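Examining the three-dimensional arrangement
Residues per chain, in single letters:
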Amino acid sequence: MQKIDNIVQGGNVLISGNEVPTIATRYVRTNVSAANGSTIILGGLVEETKQKNYQGFPYLSRIPLVGSLFRATSSGKTRTELIVLMCPQVTLTKLDAYRLRQKWEDTTHFGPELDQNECPDCPKVESGKQINLPPPDIPAAKDMN
């Protein structure tokens, strides 16, 4: 599910003497089927905003025919679109899940430093050391028969 919250311009409400902003919330829920490792694109939350501003000298800017000489008009348009890209990986055992998680942790980094060697939070790989593995998947006793 995708969710976007926006503050509505000029939509403030007075509650118990406090001005509280109005929040517009939009949701999108999607069900998809995809092959293991394929990329899924989820999108569709699009917002377009148009603005028009007038500036000018009071009274003079409102005179018919010559008022445009005393005012300026500016307009703008903004478009925002939320797109989510997902690449699902299906794992059957805890060991597969652990290896996949390690692979993504070692190659993905979202922070101010782009080089993982400079990041104090990223795991460091020391040569010659055995990495700790999770316990193996052992079937329950009821599944052994």
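This write-up is about the structure you can find in this document.

Scoring rules and cut-offs
- Residues numbered from 1 in each chain as written.
- Predicted model: local features only at pLDDT ≥ 70, side-chain atom pairs only at ≥ 80, totals over all residues.
- Heavy atoms only, no water.
- Helix = DSSP H or I, 4+ residues; strand = E, 2+ residues; numbered from the N terminus.
- Buried < 20%, exposed > 50% of the residue type's maximum accessible area, 1.4 Å probe, protein only.
- Phe/Tyr/Trp six-rings, centres within 6.5 Å; stacked < 30°, edge-to-face > 60°.

What follows is about unusual backbone geometry. The residue Ser16 is not glycine, and still its phi comes out positive at about 50 degrees. When you line up the elements, Ser16 lands in the loop between β2 (13-15) and β3 (18-20). A relative accessible area of 73% means that Ser16 is categorised as exposed. Of note, Tyr59 is a non-glycine position whose phi angle comes to about 70 degrees, a positive value. Its location among the elements puts Tyr59 in the loop between β5 (40-56) and β6 (71-86). A relative accessible area of 68% places Tyr59 in the exposed class.

What follows concerns the packing of aromatic side chains. For the coordinates displayed, the defined rule picks out one aromatic pair. A centroid spacing of 6.5 Å and a plane angle of 75 degrees characterise the contact between Phe57 and Phe70, whose relative ring orientation is edge-to-face. Separated by 13 residues along the polypeptide, Phe57 in the loop between β5 and β6 and Phe70 in the loop between β5 and β6 bring together distant segments of the chain. For Phe57, a relative accessible area of 52% gives the class exposed.

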